[in-house]
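Structural description and commentary
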Protein chains: 2
Amino acid sequence: MAEVTRRGRNARQTAPVARRPNYANLRNPFTPQTVFSEDEVAGLHDTALRVLENLGISILLPEARDILGKSGATVVEDMVFFSRDMVAEALRTAPRSIRLRAANPEFDQTYEPGALLFTAAGGCPNVSDRIRGRRPGSMDSFRDAIKLIQGFDVVHKLPVSPEPQDIPIHLRHLATTEAQLTMGDKLMTVYARGTGQVEQAFALIREGLALSDADWDSGTWASTVINSNSPRRLDIPMAQGIIDFARAGQMTIITPFCLAGAMAPVTVAGALVLQHAEALAAITLAQMVRPGAPVSYGGFSSNVDMKSGSPAFGTPEHLKMQLGAGQLARHIGLPWRSAAGSASNIADAQGAHENIMGLWGAVLAGANLVIHGAGWLEGGLTMGFEKFICDVEALQTIAELCKRPEADAAAMAYDAIAEVPPGGHFFAAAHTMERFDQAFYAPLNADLTNHGTWTANGAHTAEERATEVWQQVIADYRPPANAGDIGERIAPMLERFTKAGGAHPVSD
Amino acid sequence: MAEVTRRGRNARQTAPVARRPNYANLRNPFTPQTVFSEDEVAGLHDTALRVLENLGISILLPEARDILGKSGATVVEDMVFFSRDMVAEALRTAPRSIRLRAANPEFDQTYEPGALLFTAAGGCPNVSDRIRGRRPGSMDSFRDAIKLIQGFDVVHKLPVSPEPQDIPIHLRHLATTEAQLTMGDKLMTVYARGTGQVEQAFALIREGLALSDADWDSGTWASTVINSNSPRRLDIPMAQGIIDFARAGQMTIITPFCLAGAMAPVTVAGALVLQHAEALAAITLAQMVRPGAPVSYGGFSSNVDMKSGSPAFGTPEHLKMQLGAGQLARHIGLPWRSAAGSASNIADAQGAHENIMGLWGAVLAGANLVIHGAGWLEGGLTMGFEKFICDVEALQTIAELCKRPEADAAAMAYDAIAEVPPGGHFFAAAHTMERFDQAFYAPLNADLTNHGTWTANGAHTAEERATEVWQQVIADYRPPANAGDIGERIAPMLERFTKAGGAHPVSD
């Protein structure tokens, strides 16, 4: 937990907590779990190649079709048929390890198999909390989200969500990039909504962080999620985004959203074949634009709820698709993203269930980036601040598990066991006294008081208690030390871009 | 889900759910996760043997000390010092695979490495639900708990909890055994509270199920949890229970409850050394009573919350101890129990978090029996009916994951992908129509409606919705077909035992 939050927590406690774990750089400690045999994984991969070769992908951007056509694809109207050789070449040039750069080098990451990164809720048009209710996202709530994210070093990346709907769409990328640069110091996110917006956002990052060409080329400073329009379609903004980011050496996170039984086959294997085909198509486009362009494999496939028709998360089928997607990612050798998240309307037991199930699914699938890991309600329609706090508790629990327990002679505590008589206790043992303030994770929001005390204190639910926590985190927020300098540096550029009318998003 | 519950769920839905998964017999599909190297595990085991050999265990029952003394232990007053040879011999005779028998053969289990069994909340003096509030356990609520457990085939074992405090203690074992025999048909539980109670309960089971000697010897019909009094003490009822169950060929589930920082060393490794030493002592006693006696290794170690001093569950340290305990169980080759559970006061996000974290910890640790998997609130002080429903959703999710997805050509759905054009949907595809009613897990309690519908329906939390579910399950409950026969068979014996004053529990 970052310094600001630690202060916040201390204010709520009688004694200071000396324990200061650092969750900024994590390695996934778990052996990946499988749901398919190696032969089956090869079969899924091969079937996806057959889809690309024989059925093709509809790509709506002419420039993208041109690039792919010149690289060996067969193009018939909007349909692109990928040869196996092209895909193989793309998988050869796609980097296995990507240096992700942040304003603060402490938040730099090496994005590769084994890495484990978390992000908060993304893509949310709305925001909600128990003080102000559920409402459309605004610049104010977007700033609050950045403050919350800066408060926890287990959240590794800055957001462009909740969507600041009170900022005109042609200026919104300027506002979100400015806020990330001046309020945060973690990995940055830029939406791919057309070349104009992307170029202005990149220019602001270079200007704000005073990056030389060599700095800019030393890694990737921004990333974006690319969603295909399943089944088998890549629309204009997404194809344009792949091209813009690849040319600039910035990372695209390729994410078909294949809802089994709706936009994808109803079977786990079928949904994954479609997901994999669409991901390979997008990865191939990026590599044909610029060999070596940083791309993340990804998937966010789940099932529809048969009762409501809504996307479901944390379900058995979701987890099976996560585990299968991880096998496909390892089959092609690329780092990859999965996601947690919740369809629940509030931060209740269902919300925790869905998010934690999906979180384990992602972690056990060997995902390197777990998106929507904190605060994602209503299948992404809303970022919930109480939900964010509840979910951070889960992320921090996983982060703690990244560190193995000690098992030397001192840790095995033979002498302490000898010291305490049968029926005694270890509270005052020297072994305990030396370690107790560092031994255990200190809960962020959990209340472990007994029923009488809990009732006397108002019988607050976890959701209710989280209101106090997020308010404290926001109150404790301090901007990064160099925020003022960055703000001054980008001010003239922001003024120039704004006067020029910003940049309108590209349409479908 | 059992027939009774399926009917209950259907009543709440517009269309019948054709899907009828069977969760009665599960195999753990996950590769066990580790937190220690093999050398470290050997070191933990060796340190536990040093504890047994040099520091000893206080065993308060003279008969147990006599048995161990005659088997090679050194006995000094209440302290028993175990030789390594004795422990090795016990681990040689302890069975690797145990046949667990139930009234209904469908609920028989082969308890061995690879098996996966779940039980509901155990050991709870209180019960709570949103209709009747929190109150001391009673026979009425105990019967309700049996009805709930019978409603879900993912819960594999009948309880002796919530404790029916309105039945005098000397007759309580008769009432709980009668209720299990006449209301349920799953694996049975008998508390080890003295030879008199245990013998009467076993007699009722043999009489009720009309078991011949050969039937009785064909497996184990009842089991009990044996908690050591950490650190390093086995009290009179527990030692007596080990002897009584071993002599009768019934299973003891050995479970030191080592709270790191309180009754155990503050380190994960130290708590596990103590847990392992105490478990080995109890297993050795059972094997010295009767070589081959069915015993389960087990552990339920966690940490104390540094703020409240309460036991904590689902914490990082708890999970590390689960994973380490699994390594120790595999080191000695025995099936073993772990537990989920919650310290939360209600079925809120914290309650879900704690239970699901501990559930994953147990499953990933390769546990064969996950106790307290549904309904365990307040660290076991209360069984919550809403919590039970929320937790069953998690158990059923894990149970679904025990089945791998199909990956044949039909499942990979190439033809369906070919059939649906880019931008189309799979709702009406033949591939979907043939499978949609069987494809996905049907949630028990999750509400995936959108925010408008959810609000219009009353904005109910998962906990609130669960009230309707458990009431329906109880309303739908039907006793097993042969309940009447069993009741008639045991009536005379029950009358005789009752007239004789039942059996008083043995004291510490």
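Residues numbered from 1 in each chain as written. Chains lettered and ligands numbered in written order. Predicted model: local features only at pLDDT ≥ 70, side-chain atom pairs only at ≥ 80, totals over all residues. Heavy atoms only, no water.

Our focus in this paragraph is the sheet that holds strand 1 (residues 26-27) of chain B. Residues and elements named next belong to chain B. The strand order across the open sheet built from eight strands is 1-7-18-17-15-13-11-10, with neighbouring strands paired in mixed fashion. Single-partner strands in this sheet number two, and they are strand 1 and strand 10 (188-189). Where strand 10 lies against strand 11 (residues 222-226), two bridges are found, and the strand directions are parallel. Of the residues in strand 11, the one forming a bridge with Met 188 is Ala 222. Across the sheet, helix 9 (residues 236-247) touches strand 11 and strand 13 (251-254), and the angle it forms with strand 11 is around 155°. (Pairing = 2+ DSSP bridges. Helix = DSSP H or I, 4+ residues; strand = E, 2+ residues; numbered from the N terminus. Contact = heavy atoms within 4.5 Å. Axes fitted to C-alpha atoms, helices over the stretch in contact; angles between N-to-C directions.)

Turning our attention to the nonpolar core. Formed by 359 residues in total, the largest nonpolar core has its most connected members in Trp 360 and Phe 388 of chain A together with Trp 360 and Phe 388 of chain B. Residues in contact with Phe 388 of chain A, not counting those within four places in the same chain, are Ala 120, Leu 148, Ile 149, Phe 152, Val 155, Ala 374, Gly 375 and Met 383 of chain A. (Core = buried A, V, L, I, M, F, W, Y, C linked by side-chain atoms within 4.5 Å. Buried < 20%, exposed > 50% of the residue type's maximum accessible area, 1.4 Å probe, protein only.)

Quick look at empty space enclosed by the protein now. What the rule picks out here adds up to 16 cavities of 30 Å³ or more. For the largest cavity, the calculated volume is near 200 Å³. Looking at the largest cavity, it is lined by 24 residues, and the ones nearest its centre are Gln 350, His 353 and Glu 354 of chain A together with Glu 393 and Ala 446 of chain B. When contributions to the lining of the largest cavity are tallied by element, the ones reaching two or more residues are helix 12 (349-364) of chain A together with helix 12 (349-364) and helix 13 (385-401) of chain B. By residue number, the principal contributor to the lining of the largest cavity is helix 13 of chain B, which donates six residues. (1 Å grid on protein atoms, 1.4 Å probe; cavity = no way out; pocket = protein on both sides within 12 Å on 5 of 7 lines; lining within 4 Å. Points joined across faces, edges and corners; volume = space filled by probe spheres on them.)

All names here are of chain B. Taken together, four strands build an open sheet; the order of strands is 9-8-20-19 and the sheet is mixed. At either end of the open sheet lies a strand with only one pairing partner, and these are strand 9 (133-136) and strand 19 (376-377). In this structure, strand 19 lies alongside strand 20 (residues 382-384), joined through two bridges in antiparallel fashion. Looking at strand 20, one finds that Trp 376 is bridged to Met 383.

Turning next to the packing of helix 7 (residues 195-208) of chain B against helix 20 (residues 483-499) of chain B. Residues and elements named next belong to chain B. Where helix 7 contacts helix 20, the two axes come as close as 8 Å, and the packing angle between them is 150°. Taken together, the axes of helix 7 and helix 20 lie roughly antiparallel to each other. Between helix 7 and helix 20 lies a crossing of right-handed hand. Of helix 20, the residues touching helix 7 (which contributes Gln 200, Ala 203, Leu 204, Glu 207 and Gly 208) are Ile 486, Arg 489, Ile 490, Met 493, Leu 494 and Phe 497. Broken down by class, the residue content of the contact of helix 7 with helix 20 amounts to seven nonpolar, two polar and two charged. (Parallel < 35°, antiparallel > 145°, perpendicular 65-115°, else oblique. Left-handed = near helix turned anticlockwise from the far one by under 90°. Nonpolar A, V, L, I, M, F, W, Y, C, P; charged D, E, K, R; others polar.)

Turning to the pattern of salt bridges, a few remarks are in order. Residues and elements named next belong to chain A. By the definition in use, this model includes 34 salt bridges over all chains. Here Arg 247 ties to Glu 63 by a salt bridge, and the two come within 2.8 Å at their closest N and O atoms. In this pair, Arg 247 sits in helix 9 (residues 236-247) while Glu 63 sits in helix 3 (residues 62-70), placing the two residues 184 residues apart along the sequence. Relative accessible area serves as the criterion here: at 47%, Arg 247 is assigned to the partly exposed category. (Salt bridge = Lys/Arg side-chain N within 4 Å of Asp/Glu carboxyl O.)

What follows covers unusual backbone geometry. If a residue is not glycine, its phi is most likely negative; likewise, a peptide bond is most likely trans. Residues and elements named next belong to chain A. Going from Ser 161 to Pro 162, the amide bond is cis rather than trans, its omega being 0°. Its place among the elements puts Pro 162 in the loop between helix 5 (139-150) and helix 6 (169-183). Its identity as a non-glycine residue notwithstanding, Arg 232 has a phi of 55°, on the positive side. With respect to the secondary-structure elements, Arg 232 resides in the loop between strand 11 (222-226) and strand 12 (233-234). With relative accessibility at 4%, the residue Arg 232 sits in the buried group. In the Ramachandran plot, Ala 413 falls in the positive-phi region, its phi being about 65° despite a non-glycine side chain.

Turning our attention to the interface of chain B and chain A. With 113 residues of chain B in contact, the opposing surface of chain A contributes 111 residues. Here chain B and chain A share an interface that buries about 9,400 Å² over both sides, 68% of which is from carbon and sulfur atoms. Counting the surface chain B buries against chain A, the share from its top three residues, Tyr 414, Phe 440 and Leu 448 of chain B, is 9%. Counting the contacts that link chain B with chain A gives zero salt bridges. Scanning the region where chain B abuts chain A turns up 40 residue pairs in polar contact (both at pLDDT 80 or more). At nine residues, helix 12 of chain B tops the list of elements feeding residues into the side of chain B that touches chain A. Looking at the side of chain B that touches chain A, its residues break down into 59 nonpolar, 32 polar and 22 charged. (Buried area = accessible area lost by both parts, 1.4 Å probe. Polar contact = N/O pair within 3.5 Å; in protein donor to acceptor, adjacent residues only side chain to side chain.)

Structural alignment of chain B on chain A gives an RMSD of 0.0 Å, achieved by rotating through 180° and translating 0.0 Å along the axis. As the rotation angle and translation indicate, the two copies are arranged about a two-fold axis. Within chain B, Ala 349 of chain B has its C-alpha nearest the rotation axis, a separation of 2.1 Å. Mapped onto chain A, 98% of the interface residues of chain B again fall at the interface, so both copies present the same surface. (Least-squares fit on C-alpha atoms with pLDDT ≥ 70 in both.)

Once that is clear, we can look at the packing of aromatic side chains. Residue and element names in this part refer to chain A. Counted according to the given criterion, the structure contains 19 aromatic pairs over all chains. With centroids separated by 5.3 Å and ring planes inclined at 40°, the aromatic side chains of Phe 257 and Phe 300 adopt a geometry described as tilted. With Phe 257 in the loop between strand 13 (251-254) and strand 14 (259-260) and Phe 300 in the loop between strand 15 (295-298) and strand 16 (302-303), this pair connects stretches of sequence that are 43 residues apart. Residue class for Phe 257 comes out partly exposed when judged on its relative accessible area of 23%. (Phe/Tyr/Trp six-rings, centres within 6.5 Å; stacked < 30°, edge-to-face > 60°.)

Moving on to the confidence of the model for chain A. Residue and element names in this part refer to chain A. Within chain A, residue pLDDT values average 95, and 96% of them lie at 70 or more. Note that residues 1-16 has pLDDT below 50 and, in this model, 40 contacts with residues that lie over four places away or in other chains. Overall fold confidence (pTM) sits at 0.96, and the ipTM for the predicted complex is 0.96. (pLDDT = per-residue confidence, 0-100.)

For the rest of this paragraph, the subject is the side chain of Ser 128 of chain B. By the element assignment, Ser 128 of chain B lies in strand 8 (residues 126-129). When neighbours within four sequence positions are excluded, Ser 128 of chain B is seen to be in contact with Gly 133, Arg 134, Arg 135, Leu 377, Thr 382, Met 383, Gly 384, Phe 385 and Glu 386 of chain B.

Moving on: the pairing of strand 9 of chain B. Residues and elements named next belong to chain B. Pairing of strand 8 with strand 9, which is carried by four bridges, proceeds in the antiparallel orientation. Looking across to strand 9, one finds that Ser 128 is bridged to Arg 134. A loop of three residues connects strand 8 with strand 9, the two strands running antiparallel in sequence.

With that out of the way, let us pick up the pairing of strand 11 of chain B. Residue and element names in this part refer to chain B. With four of five residues buried, strand 11 is to be regarded as a mostly interior element. Relative to strand 13, strand 11 runs parallel, the two sharing four bridges. Across the sheet, Val 225 pairs through a bridge with Ile 253, a residue of strand 13.

A separate point is the environment of Thr 455 of chain A. Residues and elements named next belong to chain A. Examined against the element boundaries, Thr 455 turns out to sit in helix 18 (residues 451-456). Residue Thr 455 is classed as partly exposed on the basis of its relative accessible area, which comes to 39%. Spatially, the C-alpha atoms of Thr 455 and Arg 20 are 31 Å apart, while their sequence positions differ by 435 residues. A polar atom in the side chain of Thr 455 sits 2.6 Å from the backbone oxygen of His 451.

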